[in-house]
Amino acid sequence: MEPEREGTERHPRKVRESRQAPNKLVGAAEAMKAGWDLEESQPEAKKARLSTILFTDNCEVTHDQLCELLKYAVLGKSNVPKPRFYLEFGCLRKAFRHKFRLPPPSSDFLADVVGLQTEQRAGDLPKTMEGPLPSNAKAAINLQDDPIIQKYGSKKVGLTRCLLTKEEMRTFHFPLQGFPDCENFLLTKCNGSIADNSPLFGLDCEMCLTSKGRELTRISLVAEGGCCVMDELVKPENKILDYLTSFSGITKKILNPVTTKLKDVQRQLKALLPPDAVLVGHSLDLDLRALKMIHPYVIDTSLLYVREQGRRFKLKFLAKVILGKDIQCPDRLGHDATEDARTILELARYFLKHGPKKIAELNLEALANHQEIQAAGQEPKNTAEVLQHPNTSVLECLDSVGQKLLFLTRETDAGELPSSRNCQTIKCLSNKEVLEQARVEIPLFPFSIVQFSFKAFSPVLTEEMNKRMRIKWTEISTVYAGPFSKNCNLRALKRLFKSFGPVQSMTFVLETRQPHLCIQYEVLEAAQLAIESLDGILVDGICIKVQRPVTELTLDCDTLVNELEGDSENQGSIYLSGVSETFKEQLLQEPRLFLGLEAVILPKDLKSGKQKKYCFLKFKSFGSAQQALNILTGKDWKLKGRHALTPRHLHAWLRGLPPESTRLPGLRVVPPPFEQEALQTLKLDHPKIAAWRWSRKIGKLYNSLCPGTLCLILLPGTKSTHGSLSGLGLMGIKEEEESAGPGLCS
């Protein structure tokens, strides 16, 4: 958009010197805001990424902490000085490097995460951007004389009433079909039926001076959710005489590498706009002429906020008085086209929300004439003010930055967000419809919540699954070793097996012809390391075999171990056994040997608080982890180790399960009486199949997100009179995960 005009004169405006990438983000907010305690970085030099340290010592993230994360993602600052079927969630595990345990949910999990207080859950939210409308005490006004009241009346009006008529478009020189000066203009083909709920799109263009007049150099298009869906630099067709750099910020250096032409952005804009799209701009006629396009449904905020004697209010003035926002600041290098387009959209929504009477009461004419915005009592709301309130919700934070949330859910879901001007709720009949709508709607919003709902497990099934999980983990962490001679050195054997990691129990098996040992380890890595190191070696002249017990729960343990080893969270992690209390200090004294070290995880005994003799090291890359493993298991350090298998959240979740001392008799899935019925159950009703199927579907939705998107997947767990189960969270910034881990599912 070029600068707003008073009367008929028009001046070109500045844009930022370096072109901003389109703000086409989903799931939370812009990539530059997407970090939660992000490691310090320069916005233009490093991409945002989540700090590994967050997920080391404490693997549980509370609902309040999730809420703070989301508010941080919205505002760019912070005011804060259980997996059931691991294999079946393969697609999501590979896509997300960071996983954590969730505490059991409350009765309103969604409201907790979004940060809504009890009084806010039933009705509308307080509107942080609204506040008391400013009044001009110095000038008594007759509302009936206000030009806004004279044009629109005093009652609220719908969107269609704000559209410019064909006669108005002709009067204000909008390009129209059939006019002599618009012969080569392209029609947007938007010929749908316009209603008060038709979608709004904010448009802003920049121009330069060429041998043929003014031509387009930049276009920004913002969808109603506040998300920038198009931001392109454009190279003019004709020779540039003046880049108008002092106004636009465009230079020869900036435009030199640009290959996008006017016809390219015309085609792109035409494809983006739905049939009933309404374009909103400030002095929009010049923008459409620069685009050489004709669009029939327009709202021009320079005409919507009517001024006396045909003059027009500046966009900067309206943003300050109406929205309490400072834009086009003199200390910036040029103006932000996306910011201006978003502001234009907010002004249109504000007009529709409050109606002409509220705006007329501001006495805009008096404020503009005397430039007494502060004296009029309109103090801008900013993010610092919002964060001063400890109970601020995510919706209020979105409101403070003029953005809108998309909430997709099923009609039958109990959890619901309150209706408000910055929350658009779409209810669907099924999970499948929720997924289909998400693919269409998410690109138009900077922050989205997509809620799927599934039939809850029965208490009996939940209890059985917990027991089976506990038993399965115990069995895959257990090894049987033997045979040994009857005169073997038991003390030496115990010392040997303990060297691989912490031992829960070690017993002799005397039911066999020759003695065997049963060793139950505390961690899976220790059991796997014992198998890899000792299977097939000679002990007292006897070749021993080291293996896991073979039960119905361990039949796929080799597959499970391979999947765990390939988990994105474990790609740069190694497990070490035999570490001393001074290991950390020794490690830090050799920084050149351990490049890329991000975290040292030293587990402690829960009762005594003493450091255990094993640890996990987390590195930035698999290569750094492999190099460190070679050094630490070499002759100088003499430690035992391998690549990690167990994500940290899994340790925490397993500790939260009720203890089971022995395997209960008959703990198994009873097969249906007929084979055909069993097959039907497996196809349709088995929870593992549902988990696998939805993992792939949500994985495809994740793949469609834009780079830089902060994405969280929350599986809340359960809380009932039969017991509570912790949930599972997966978190990542999409571009970070693609570069750090293996390929995503498709």
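Rules of the game
- Residues numbered from 1 in each chain as written.
- Predicted model: local features only at pLDDT ≥ 70, side-chain atom pairs only at ≥ 80, totals over all residues.
- Heavy atoms only, no water.
- Salt bridge = Lys/Arg side-chain N within 4 Å of Asp/Glu carboxyl O.
- Helix = DSSP H or I, 4+ residues; strand = E, 2+ residues; numbered from the N terminus.
- Buried < 20%, exposed > 50% of the residue type's maximum accessible area, 1.4 Å probe, protein only.
- Core = buried A, V, L, I, M, F, W, Y, C linked by side-chain atoms within 4.5 Å.
- pLDDT = per-residue confidence, 0-100.
- Contact = heavy atoms within 4.5 Å.
- Pairing = 2+ DSSP bridges.
- Arc of directions from axis to C-beta.
- Axes fitted to C-alpha atoms, helices over the stretch in contact; angles between N-to-C directions.
- Parallel < 35°, antiparallel > 145°, perpendicular 65-115°, else oblique.
- Left-handed = near helix turned anticlockwise from the far one by under 90°.
- Nonpolar A, V, L, I, M, F, W, Y, C, P; charged D, E, K, R; others polar.
- 1 Å grid on protein atoms, 1.4 Å probe; cavity = no way out; pocket = protein on both sides within 12 Å on 5 of 7 lines; lining within 4 Å.
- Points joined across faces, edges and corners; volume = space filled by probe spheres on them.
- Phe/Tyr/Trp six-rings, centres within 6.5 Å; stacked < 30°, edge-to-face > 60°.
- Lys NZ or Arg CZ within 6 Å of the ring centre and 35° of its normal.

(A) Molecular detail of the pattern of salt bridges. Counted under the stated rule, the structure contains 14 salt bridges. Salt-bridge contacts for Arg307 lead to Glu365; the nearest nitrogen and oxygen are separated by 3.1 Å. Placement of the pair is Arg307 in the loop between helix H11 (301–304) and helix H12 (315–323) and Glu365 in helix H14 (residues 364–370), with a sequence separation of 58 residues. Each member of the pair, Arg307 as well as Glu365, carries the same accessibility label: buried. Across the salt bridge formed by Glu346 and Lys325, the nearest N and O atoms sit 3.0 Å from each other. Placement of Glu346 in helix H13 (residues 337–360) and of Lys325 in the loop between H12 and H13 is noted, with a sequence separation of 21 residues between them. In this structure Glu346 comes out as buried when scored by relative accessible area, which is 6%.

(B) Just the nonpolar core, in detail. Of all hydrophobic cores here, the largest spans 38 residues; its most connected members are Ile299, Tyr305, Ile322, Phe351 and Leu364. Looking at this core, the elements that each hand over two or more residues are helix H4 (147–152), helix H5 (159–162), strand S7 (278–281), H12, H13 and H14. For this core, the element with the highest residue contribution is H13, accounting for 8 residues. Judged by nonpolar contacts, the second largest core, of 29 residues, contains Cys190, Ala223, Leu279 and Met293.

(C) Geometry of the confidence of the model for the protein chain. Of all residues in the protein chain, 71% have pLDDT values of 70 or greater, and the mean over the chain is 76. Here helix H25 (residues 675–684) is the element of the protein chain with the lowest mean pLDDT, 47, and strand S9 (residues 298–300) is the one with the highest, 97. Long-range and interchain partners of residues 372–381, a stretch whose pLDDT sits below 50, account for 25 contacts in this model, where long-range means more than four residues apart. Predicted confidence for residues 737–746 stays below pLDDT 50, and this span has 24 contacts to residues more than four positions away or in other chains.

(D) Just the pairing of strand S14 (residues 503–509), in detail. Direction of pairing for S14 relative to strand S15 (residues 516–521): antiparallel, over a ladder of 6 bridges. Among the inter-strand pairings, Thr507 is bridged to a residue of S15, identified as Cys518. In this antiparallel pair of consecutive strands, S14 and S15, the connection spans 6 residues.

(E) Seen up close, the pairing of strand S3 (residues 200–210). Counted residue by residue, S3 has 10 buried out of 11 residues, so it is predominantly covered. As defined by bridge partners, S3 adjoins S7 across 3 bridges and the pair is classed as parallel. Looking at S7, one finds that Gly202 is bridged to Val280. The loop that links S3 with its antiparallel partner strand S4 (residues 213–223) comprises 2 residues. As defined by bridge partners, S3 adjoins strand S6 (residues 240–242) across 2 bridges and the pair is classed as antiparallel.

(F) Region of the structure containing helix H23 (residues 622–632). Burial in H23 covers these residues: Ser624, Ala625, Ala628, Leu629 and Leu632. Down the axis of H23, the smallest arc covering the buried residues is 135°, so these residues share one side. Considering only its buried residues, H23 is in contact with strand S19 (573–577), helix H22 (583–588), strand S21 (614–619) and strand S22 (640–643).

(G) Main features of the packing of H12 against H13. Contact pair H12 / H13: the axes reach a minimum separation of 10 Å and the direction vectors enclose 50°. Between H12 and H13, the crossing angle belongs to the class labelled oblique. In this structure, H12 meets H13 at a crossing whose hand is left-handed. Seen from H12, the contacting residues are Leu315, Leu318, Ala319, Ile322 and Leu323; seen from H13, they are Asp340, Thr343, Ile344, Glu346, Leu347 and Tyr350. Among the residues forming the contact of H12 with H13, the class breakdown is 8 nonpolar, 1 polar and 2 charged.

(H) The arrangement of the sheet that holds strand S12 (residues 447–450) in detail. Strand order in the open sheet formed by 3 strands is S11-S10-S12, with parallel pairing between adjacent strands. Edge positions in the sheet fall to strand S11 (423–428) and S12, since each has one partner strand and no second. Averaged over all pairs of adjacent strands, the angle between strand axes in this sheet comes to 15°, irrespective of strand direction. Pairing of strand S10 (residues 405–410) with S11, which is carried by 6 bridges, proceeds in the parallel orientation. Residue pairing across strands places Leu405 opposite Cys423, the latter belonging to S11. Along the sheet, helix H17 (residues 431–441) contacts S10, S11 and S12; its crossing angle with S10, the most-contacted strand, is approximately 160°.

(I) Geometry of unusual backbone geometry. Residue Pro483 follows Gly482 across a cis peptide bond; omega there is 0°. Its location among the elements puts Pro483 in the loop between strand S13 (478–482) and helix H19 (490–498). If you check the backbone angles, His173 has positive phi at about 65° while not being a glycine. With respect to the element layout, His173 can be found in the loop between helix H6 (166–171) and strand S2 (186–187).

(J) Looking closely at the sheet that holds strand S18 (residues 545–547). The strand order across the open sheet built from 4 strands is S14-S15-S13-S18, with neighbouring strands paired in antiparallel fashion. Of all strands in the sheet, those bounded by a partner on one side alone are S14 and S18. Between one strand axis and the next, the sheet turns by 15° as a mean value, whatever way the strands run. Examined bridge by bridge, S13 and S15 share 4 bridges and lie antiparallel to one another. The partner of Thr478 across the bridge, within S15, is Gln520. Against the sheet, H19 contacts S13, S14 and S15, and its axis sits at roughly 140° relative to S14.

(K) Highlighting empty space enclosed by the protein. As a volume, the largest cavity reaches approximately 70 Å³. Considering the residues around the largest cavity, the lining is formed by Glu569, Asn570, Ser573, Ile601, Phe616, Lys618, Ala644, Thr646, Pro647 and Arg648. Grouping the amino acids of the lining of the largest cavity by side-chain chemistry returns 4 nonpolar, 3 polar and 3 charged.

(L) Inspection of the environment of Lys620 at higher detail. Within the secondary structure layout, Lys620 lies in the loop between S21 and H23. Lys620 sits in the exposed class, given a relative accessible area of 52%. With 21 residues separating them in the primary sequence, Lys620 and Ala599 have C-alpha atoms 9.4 Å apart.

(M) Looking closely at the packing of aromatic side chains. If you walk through the whole model with that rule in mind, you get 8 aromatic pairs. Relative to Phe351, the ring of Tyr305 lies with its centre 5.5 Å away and its plane at 80°, an arrangement referred to as edge-to-face. Note that Tyr305 is positioned in the loop between H11 and H12 and Phe351 in helix H13, a separation of 46 residues in sequence. The structure contains a cluster of three or more aromatic residues connected by ring pairs, namely Tyr152, Tyr305 and Phe351. Cation over ring: Lys640 sits above Phe500, and NZ or CZ is 5.5 Å from the ring centre.

(N) Spatial organisation of H12. Burial within H12 is extensive, with 8 of its 9 residues counted as buried. Along H12, the residues classified as buried are Leu315, Phe317, Leu318, Ala319, Lys320, Val321, Ile322 and Leu323. Just past H12, the residue Gly324 takes up positive phi, approximately 70°.

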